[in-house]
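Read off the chains here:
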Amino acid sequence: MDDFRHSLTERWQALEVGERTALTVLAIFVMFLLCYVTLTASLSFYTDRLEDRNRYVALVARMESTVDAAREKRDDSASSLGGQQILNQVSRSTGEFNIKPTRLQPEGSDGVSVWFDDVPFNDLMRWLDQQSRSGIGVKQMSVDREEVTGTVNARVVLGGGTS
């Protein structure tokens, strides 16, 4: 290592004053350029991360407001539906989906039990989706597969606004 340093020192001493000055200026310029590129890249990286973070924060805020609005809507519709109204809605809506309940029974003051035999599973799921959109949620559900492909026996307990 000492030989290498000694060799560099000899070469430096052998240069003319103008060459030494040019080499010194070039070394300073390269160091400045290296620092500038490093700082610019770091600043760009952290600026991008900050922008991403701000986008995520805005997205979470929008999601929270949407959830709050959905909860308010659900609570409003749930408080307006009583057991008799749910029973009427269930009786009326099953015909729209070509499914016929085997039995309907009130469950407390704000719920209804509905039994289905040999009902197409997809039709049952579409009907339940429509019920949830109208403020009636599934409190409990039991589904048993039948031998015929795609049909089930089911017992569903529905209530105002529970999901």
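Scroll up a little and you will see the structure.
Read on for an overview of the structure. Source: prediction; values computed, not measured.

## Remarks on the pairing of strand S1 (residues 103-107)
- Here 5 bridges tie S1 to strand S2 (residues 111-120), and the two strands are oriented antiparallel to one another. The residue bridging Gln105 from the neighbouring strand is Ser113, located in S2.
- Where S1 folds back on S2, the antiparallel hairpin that results is connected by 3 residues, among which Gly108 adopts a positive phi of roughly 70°.

## Observations regarding the packing of aromatic side chains
- With the rule as written, the count across this model stands at 2 aromatic pairs.
- Ring plane angle 75° and centroid distance 5.1 Å describe the contact between Phe45 and Tyr46, whose orientation is recorded as edge-to-face.
- Taking relative accessible area as the criterion, Tyr46 reaches 53% and is therefore assigned exposed.
- Measuring from centroid to centroid gives 5.4 Å for Phe116 and Trp127, while their planes differ by 70°, and the two rings are edge-to-face. Taken as a pair, Phe116 in strand S2 and Trp127 in helix H4 (residues 121-133) lie far apart in primary sequence, 11 residues in all.
- Judged by relative accessible area, which is 1%, Phe116 ranks as buried.
- For Trp127, a relative accessible area of 0% gives the class buried.
- The ring of Trp115 has Arg103 sitting right over it, with the charged end atom 4.3 Å from the ring centre.

## Re H4
- In this model H4 runs 19 Å from its N-terminal to its C-terminal C-alpha over 13 residues, within 8% of the 18 Å that 1.5 Å per residue would give.
- Of all the residues in H4, the buried ones are Asp123, Leu124, Trp127, Leu128 and Gln131. Each buried residue of H4 sits inside an arc of 135° when the element is viewed along its axis, so together they form one side. Among the exposed residues of H4, those pointing more than 90 degrees away from its buried face are Asn122 and Arg133.
- Phi turns positive, to about 95°, at Gly135, one or two residues after H4.

What counts and how
- Residues numbered from 1 in each chain as written.
- Predicted model: local features only at pLDDT ≥ 70, side-chain atom pairs only at ≥ 80, totals over all residues.
- Heavy atoms only, no water.
- Pairing = 2+ DSSP bridges.
- Helix = DSSP H or I, 4+ residues; strand = E, 2+ residues; numbered from the N terminus.
- Phe/Tyr/Trp six-rings, centres within 6.5 Å; stacked < 30°, edge-to-face > 60°.
- Buried < 20%, exposed > 50% of the residue type's maximum accessible area, 1.4 Å probe, protein only.
- Lys NZ or Arg CZ within 6 Å of the ring centre and 35° of its normal.
- Expected span 1.5 Å × (residues − 1).
- Arc of directions from axis to C-beta.

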